[in-house]
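Single-letter residue listing:
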Amino acid sequence: SQQGEEDPQALSIQEGENATMNCSYKTSINNLQWYRQNSGRGLVHLILIRSNEREKHSGRLRVTLDTSKKSSSLLITASRAADTASYFCATVSNFGNEKLTFGTGTRLTIIP
Amino acid sequence: DAGITQSPRHKVTETGTPVTLRCHQTENHRYMYWYRQDPGHGLRLIHYSYGVKDTDKGEVSDGYSVSRSKTEDFLLTLESATSSQTSVYFCAISESQAKGGEQYFGPGTRLTVT
């Protein structure tokens, strides 16, 4: 079963606007990661946030983590057409294994 | 794509035939993974390897087997392909959680079972 569930499933915004995607998960985690997938391509790692961190930034990306609510959000600021892609959250559990469990993804479309 | 290749990139096969997909890495990473991606399901882990000859099952391992005889190669075999195994298959690699934990993905193999 999926650990992470993204919300919304699809999002369309105008270029230049900010995009926010949310991820909820079920079990205790070691870290949570966000990935991007362009159509027909493999996934690309964007950012990793550990369970003892609350916020992390990377360029135009901002990730927050609330372990009490078992949720995370990914904010992309000043969106560009090139940000059009699917975005997935993935979690690593606290139980010592190396496996990622992926959510079902958010399809983001940036309208020029 | 972080030194990961998958072969073949596309394959059409008939139900009941065996199929082997290959993942090759040049990064010397310890961990290798096979996922399948289907609409509405995201990525689901089939099998993974934590070293040469060391493998374990993932979430959807039924009907699949794997082998890793060298650090750089991880093979996924469908012993007798079924239409439900039509999917896009991704290989991924990683070092370890202690070193970051991010995974690097190959370009994918689109498999169609008719």
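Refer to the structure presented above.
Heads up: these notes are all about the structure in this document. (Residues numbered from 1 in each chain as written. Chains lettered and ligands numbered in written order. Predicted model: local features only at pLDDT ≥ 70, side-chain atom pairs only at ≥ 80, totals over all residues. Heavy atoms only, no water.)

Overview of the nonpolar core
Leu32(A), Trp34(A), Leu74(A), Ile76(A), Tyr87(A) and Leu108(A) are the most contacted members of the largest nonpolar core, which has 22 residues in total. Counting 19 residues, the second largest nonpolar core, distinct from the first, contains Val19(B), Cys23(B), Phe74(B) and Val113(B). (Core = buried A, V, L, I, M, F, W, Y, C linked by side-chain atoms within 4.5 Å. Buried < 20%, exposed > 50% of the residue type's maximum accessible area, 1.4 Å probe, protein only.)

Describing the interface of chain B and chain A
Contacts between the two partners involve 24 residues from chain B, matched on the other side by 22 residues from chain A. Between chain B and chain A lies a buried interface of about 1,700 Å² when both sides are counted; carbon and sulfur atoms form 49% of it. Where chain B packs against chain A, one counts 0 salt bridges. Taken together, chain B and chain A are joined by 3 residue pairs in polar contact (both at pLDDT 80 or more). Sorting the residues of the side of chain B that touches chain A by element identifies strand 4 (31-38) and strand 5 (42-51) of chain B as the ones contributing at least two each. When residues of the side of chain B that touches chain A are assigned to their parent elements, the largest contribution, 5 residues, is made by strand 5 of chain B. Partitioning the side of chain B that touches chain A into residue classes produces 9 nonpolar, 10 polar and 5 charged. (Contact = heavy atoms within 4.5 Å. Buried area = accessible area lost by both parts, 1.4 Å probe. Salt bridge = Lys/Arg side-chain N within 4 Å of Asp/Glu carboxyl O. Polar contact = N/O pair within 3.5 Å; in protein donor to acceptor, adjacent residues only side chain to side chain. Helix = DSSP H or I, 4+ residues; strand = E, 2+ residues; numbered from the N terminus. Nonpolar A, V, L, I, M, F, W, Y, C, P; charged D, E, K, R; others polar.)

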